[in-house]
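Notes for the structure review
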Amino acid sequence: MITGKNLIGDNYSSNGTTEFKTFNPLTNEETDFVFTEVTPTEVENACNLANSAFKEFRNKSDRERSEFLFAIAEEIENLGDELLSTYVTESGLSKERAVGERGRTLFQLRSFADMLMDSNWREETIEEKNNTVFLRKKLIPLGPIVVFGASNFPLAYSTAGGDTASAFAAGCPVIVKAHPMHAGTGDLVAQAILKAAKRTNMPNGVFSNLNSKGYELGIQLVDNENIKAVGFTGSIKGGRALMDIAAAREEPIPVFAEMGSVNPVVITQQALNSKSDYWARQYAQSITLGTGQFCTSPGLILGIDSELLDSFATVLSKEIMKIESSCMLHPAIKESFSKLKKEVMEQEGVQRLTTSSSVSNNFAEQTVVMVSGKEALKNKSVQQEIFGPFTVIIKCQNEEELIAVIDQLDGQLTGTIIAEKKEFPYIQNIIDALQQRVGRLIFNGVSTGVEVCPAMHHGGPYPASSDARFTAVGLHSVRRWLRSIVFQGFPE
Ligand code: NAP
């Protein structure tokens, strides 16, 4: 059952007087789940507890932390249908998606648990002198971490998502600022983490889950001296605000923010010549997947002005209009989608390709527009992330203009090249330019769908992420919460 309270270490607390409810975007009404906003004193308590828990938690063995992560996965599974139905109610996403995302969450937790049993995850490096160990370098945890749950992944990037799992693996206590759009889902997962912490004898304060609707809680947490790093998924505006607060502290701390990306796709004339309709169908699916509410959703397609590109654009638009529109996560996200979409469509030279259709309440109108490379170079606002099923096709006069457009793109999570293999010698300049702007380069595929494995890199030059050197997905994401220490001249 949803408690509606803040979890502060091992105790539930609701000293505040302000309450809020979550929202069901499908029925367009508030849910029955009521949450009490956390007070500044409760926030302070959670941060102090996390600091004292760190002393014990960092000295738990890898096996003990591994058992904690396995136990969290088990307790989340034990939540059963209540978790799935709460997820669906608060997000408007399907039960199928809820099951899939829960599977990914459990997989992530168990992958980090397995990683801890691999003796070299701390990357121990040894330098010997006179046949004895002289230097021994290894990674150790930073301290308590604040995690801002993502609106678009209520499970896999929220309460017990990738950030929390990797921070626990590293040996860092976690305070979650629950996303107010799915606070009930977070409440249930927080209960599972508490049960797992008790079962595996973890210290009081290893985990807290705090509720609030508004910026004050996040600001207080990032500014608290006991917090040593932040994980964030959301808007550029939000991520940047938190980065600035963290940088202005007496002791600045890192904010690992995963923010906006339009995931540019370059499609060559030869690819259009041989498989135009195939790629149009693939991209119609990718653009509308999850109502376009993925950080890897393709929002920009670049090609050379030609009849082939026009025909691709027509088929893509027709295919997109065939797909039934779907519900967005929240009225605020729908409102932002509609506003930004309108702003872009009003820009000079922007031509709408999909016809206008009426959609109910929080459903998204899937839209494709086209603009020339010349206009795109003049007006960067047509290249901004519009969170939802919206794509801009940029038709460039020639390769030189196409590369100029790529060169002035903001940093991106992904970039994709659709081409024939035999074209490789001729598209090196495009590959080289795109490589400078992205964290993952895809050949003949779609950017949606992020494999969770050590070889994945989910991050990119700013503003795709705050630090392009780190990934938010996969086992290497643990490095965000670790620092190096070297022991010199110590006995074995
Ligand atoms: P958001 O507005 O950035 O909020 C994310 C979290 O950060 C929320 O808990 C929010 O608190 C907090 N926050 C935001 N700005 C803050 C600030 N200035 N100071 C302190 N805390 C702050 O993102 P969202 O609510 O998830 O969605 C809004 C938009 O973000 C979307 O429409 C989309 O454009 C973008 N987004 C992008 C991605 C991506 O993967 N690229 C993913 C999700 C969202 P409160 O909600 O309590 O105010």
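Not measured: the values here are computed from a predicted model. (Residues numbered from 1 in each chain as written. Predicted model: local features only at pLDDT ≥ 70, side-chain atom pairs only at ≥ 80, totals over all residues. Heavy atoms only, no water.)

Here we look at the packing of aromatic side chains
Operational definition: Ring pairs are drawn from Phe, Tyr and Trp, using the six-membered ring of Trp, whenever the two centres fall within 6.5 Å, and their geometry is named by plane angle: stacked under 30 degrees, edge-to-face over 60, tilted for the rest. Here a helix means four or more residues in a row that DSSP labels H or I, a strand means two or more in a row labelled E, and each is numbered from the N terminus. Exposure is judged per residue with a 1.4 Å probe applied to protein chains only, and the accessible area is read against the type maximum: over 50% gives exposed, under 20% gives buried, and values in between give partly exposed. Throughout this description, the term charge over a ring refers to an Arg CZ or Lys NZ atom that lies within 6 Å of the ring centre and within 35 degrees of the ring normal.
Counted under the stated rule, the structure contains 14 aromatic pairs. Aromatic pair Phe-168 and Phe-207: ring centres 6.3 Å apart, planes at 65°, arrangement edge-to-face. With Phe-168 in helix H5 (residues 162-170) and Phe-207 in strand S9 (residues 207-210), this pair connects stretches of sequence that are 39 residues apart. Grouping residues by exposure puts Phe-168 and Phe-207 together as buried. Ring pairing ties together the aromatic residues Phe-57, Phe-68, Phe-168 and Phe-207, which thus form one cluster. A cation over an aromatic ring shows up here: Arg-58 above the ring of Phe-54, its NZ or CZ 4.7 Å from the ring centre. Positioned above the aromatic ring of Phe-134, the side-chain terminus of Lys-129 is 4.2 Å from the ring centre.

Structural notes on the pattern of salt bridges
Going by this rule: In the sections that follow, a salt bridge refers to a side-chain nitrogen of Lys or Arg positioned within 4 Å of a carboxyl oxygen of Asp or Glu.
This structure, assessed with the given rule, holds 23 salt bridges. For Asp-310, the salt bridge identified is with Lys-395, shortest N-O distance 3.9 Å. Of the two residues, Asp-310 is situated in helix H10 (residues 307-322) and Lys-395 in strand S16 (residues 390-396); the sequence distance between them amounts to 85 residues. Residues Arg-469 and Asp-467 are paired through a salt bridge, measuring 2.7 Å at the closest nitrogen-oxygen approach. Connected through shared salt-bridge partners, Asp-62, Arg-65 and Arg-122 make up one network.

Quick word on unusual backbone geometry
Phi is mostly negative for residues that are not glycine, and the peptide bonds are mostly trans. Looking along the chain, the bond that leaves Tyr-462 and enters Pro-463 is cis, with omega of 10°. Note on placement: Pro-463 falls in the loop between strand S18 (438-443) and strand S19 (482-488). For Asn-130, which is not glycine, the phi dihedral falls at a positive 50°. Here Asn-130 shows up in the loop between strand S5 (125-129) and strand S6 (132-141).

Comments concerning the side chain of Asn-211
Just so we agree on the cut-off: Counted as a polar contact is a pair of N or O atoms within 3.5 Å, where, for protein atoms, one must be capable of donating a hydrogen and the other of accepting one, and residues adjacent in sequence contribute only when both atoms are in side chains. Any two residues whose heavy atoms approach within 4.5 Å at even a single point are treated as in contact.
Tracing the backbone shows Asn-211 in the loop between S9 and helix H7 (216-223). Among the polar contacts listed, one links the side chain of Asn-211 to the backbone oxygen of Lys-5, at a separation of 3.5 Å. In this view, Asn-211 contacts Lys-5, Asn-6, Phe-20, Phe-35, Thr-36, Glu-37, Val-38, Ala-178, Ala-183 and Leu-217; residues no more than four positions away in its chain are not counted.

Considerations on the site of the ligand
Quick note on the threshold: To be near a molecule or strand, a residue needs just one of its heavy atoms within 4 Å of it. Residue-level accessible areas treat just the shown protein chains as cover; the underlying method is Shrake-Rupley with a 1.4 Å probe. Residue classes follow a fixed rule: Ala, Val, Leu, Ile, Met, Phe, Trp, Tyr, Cys and Pro count as nonpolar, while Asp, Glu, Lys and Arg count as charged, and any other residue, Gly among them, counts as polar.
Taken together, 25 residues form the shell around the ligand, and within it Ser-151, Lys-177, Ser-235, Met-259 and Cys-295 come nearest. Residue His-179 places a side-chain N or O atom 3.0 Å away from an oxygen atom belonging to the ligand. Residue Gly-214 places a main-chain N or O atom 2.9 Å away from an oxygen atom belonging to the ligand. Protein chains bury 89% of the 870 Å² of accessible surface belonging to the ligand in isolation. A breakdown of the residues in the shell around the ligand according to their chemical character gives twelve nonpolar, nine polar and four charged.

Digging into the side chain of Thr-291
For Thr-291, the position within the fold is in the loop between helix H9 (269-288) and strand S13 (300-304). Among the residues examined, Thr-291 registers a relative accessible area of 5% and is labelled buried. At 3.2 Å, the side chain of Thr-291 and the backbone oxygen of Cys-327 are in polar contact.

Some points on the sheet that holds S6
Note the following rule: Strands pair, by our definition, only if DSSP identifies at least two bridges between them. Inter-axis angles, ranging from 0 to 180 degrees, are taken between N-to-C directions of lines fitted to C-alpha atoms, where helices are fitted over the stretch in contact.
Taken together, the three strands give an open sheet; going across it, the order is S5-S6-S19, and neighbouring strands pair in antiparallel fashion. Edge strands, defined here as strands with exactly one partner in the open sheet, are S5 and S19. Each strand of the sheet is rotated relative to its neighbour by a mean of 20°, with strand direction disregarded. In terms of strand pairing, S5 meets S6 through five bridges, oriented antiparallel. In the sheet register, Ile-126 faces S6, and the bridge partner there is Arg-136.

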